[in-house]
Structures are given as structure tokens and as C-alpha cells.
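# Fold and geometry: a report
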Amino acid sequence: ITAGIEPYVASAAQPTRVHNLLSTSADSQLQAQEYVRRVSEEHELYVQQLREFLNMVRDCIIPPDRIRKLEVLGSGAYAEVKRAVFYGPQANELVVIKHVHRPCREKLLEMLVLRELQHDRIIRFIGVLALENDADLVYEYVPGGSLCGLLQSTVPISDRLKFHILLLSCYGH
């Protein structure tokens, strides 16, 4: 692992701790200890995978001082999406930052796959925002909201147009 990557994962090595036990029984304490051990093991595995991942995408890492976060565009149980300004090497551009609430291997896989995909109809992957103990995905910003938002909006859209949009998306258009 290169020295430049280590600061981004150094604090990730601190596992989550259980501070408050609701019960003091011996069984509850053993269950809590087992839970802490399991979470620590999972966290250590994630930290190791994060180090390997950051080493593989070294050329895509965006330092935090090159991003200015703006407003939240959407949030759910899995992730939060924010609009931001990326002070790029050639020009400043609006981007979207996807922050997954819980570190997971699926996010690392998403980064690896999207890094390789380049198509006119797929949002462009710009890079990885390296944080103190995690990494967020940075994509191009496309104004107008999501397709799901359009289909669920109160703006009248004919069923025929909805069907046409869905049909085109099935064909990858």
C-alpha cells in the first residue's frame, strides 16, 4: 500500500464499539461481546478491501479540498446524494456525490464497475472522494431529476409516453 493512501483508511481501523448494554445478564454480555467481535472482523475486512481498492483506483482519487458540497438532492436507507462543485484540473463542474451510509463491499464493486463503463447513456463516473475513513462516489451532474421522479411526478404524462420511456429503458436507450 502506498503511503499516500494510508491517511484515508487510518482511522477506519477503529471498529465500532457497543457503548450501552440494555441488560447486564451474563448471556447478554456474551451476546454483546460476540456482536462486537463480529462487527470488528467485518470492519477489518472492509478496511483491508478499501485499502486494496484505493490502491487500484489511485488515478481516480479526488482530494476533499477539490470538492465543495452543496445541497442534498436525495436520501434513502442506503445512501445520500448531494450536488457539489468539483474544482477539476481543466475546469470547475457540477457533480453528484453519492455517500453510502454504511461501508460495504457492494460500494467498492460499484466503483470498480462504473470506472470501466463509458457510454453516452450511462452517467459518467468521475472519481472517488477519499474521506478520512471511507470513500464516496463522484458522478457527473445531470439536471432534471431522476426518471423515477419524472414518472411519479404530478406533471401530467400520458400512459403512452410512460410506456415508451419504460420500453426504451428496457432496450438500453
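A few points on the structure. (Residues numbered from 1 in each chain as written. Predicted model: local features only at pLDDT ≥ 70, side-chain atom pairs only at ≥ 80, totals over all residues. Heavy atoms only, no water.)

## Topic: the overall build of the protein
What the protein contains, in helices and strands, is five helices and six strands. The order of helices and strands in the protein, counted from the N terminus, is α-α-β-β-β-β-α-β-β-α-α. Out of the 173 residues belonging to the protein, those deemed buried represent 29%. Long-range contacts, defined here as pairs at least 24 residues apart, represent 56% of the contacts in the protein between residues at least 6 apart. Just so you have it, the protein exposes about 11700 Å², and 55% of that area is on carbon and sulfur atoms. (Helix = DSSP H or I, 4+ residues; strand = E, 2+ residues; numbered from the N terminus. Buried < 20%, exposed > 50% of the residue type's maximum accessible area, 1.4 Å probe, protein only. Contact = heavy atoms within 4.5 Å. Areas by Shrake-Rupley, 256 points an atom, 1.4 Å probe, with all protein chains shown as cover.)

## Description of the packing of aromatic side chains
A complete count under the given rule lists one aromatic pair for this structure. Relative to Tyr-139, the ring of Phe-125 has its centre 6.1 Å away and its plane inclined at 70°; by these criteria the two rings are edge-to-face. Note that Phe-125 is positioned in strand E5 (residues 125-130) and Tyr-139 in strand E6 (residues 135-140), a separation of 14 residues in sequence. Relative accessible area serves as the criterion here: at 10%, Tyr-139 is assigned to the buried category. Over the face of the ring belonging to Tyr-141 we find Arg-83, whose NZ or CZ atom lies 5.6 Å from the ring centre. (Phe/Tyr/Trp six-rings, centres within 6.5 Å; stacked < 30°, edge-to-face > 60°. Lys NZ or Arg CZ within 6 Å of the ring centre and 35° of its normal.)

## Some thoughts on the pattern of salt bridges
Two side chains carrying opposite charge are able to pair once their charged atoms lie near each other. One pass over the structure, following the stated rule, counts five salt bridges. With its nearest N and O atoms 3.8 Å apart, the salt bridge here joins Glu-80 to Lys-82. The salt bridge involving Glu-93 is made with Arg-124; its shortest N-O contact spans 3.0 Å. In this pair, Glu-93 is assigned in strand E4 (residues 92-100) and Arg-124 in the loop between helix H3 (105-116) and E5, connecting sequence segments 31 residues apart. Note on Glu-93: relative accessible area 27%, which makes it partly exposed. The structure contains a network of salt bridges with shared partners spanning Glu-34, Arg-37 and Glu-41. (Salt bridge = Lys/Arg side-chain N within 4 Å of Asp/Glu carboxyl O.)

## Some words on the nonpolar core
Core analysis: the biggest nonpolar cluster contains 16 residues, and Leu-50, Phe-53, Leu-54, Met-111 and Val-128 have the highest contact counts within it. If you list the elements that add at least two residues to this core, you get helix H2 (26-56), H3, E5 and E6. Ile-62, Phe-86, Ile-97 and Leu-129 belong to the second largest nonpolar core, which has ten residues in total. (Core = buried A, V, L, I, M, F, W, Y, C linked by side-chain atoms within 4.5 Å.)

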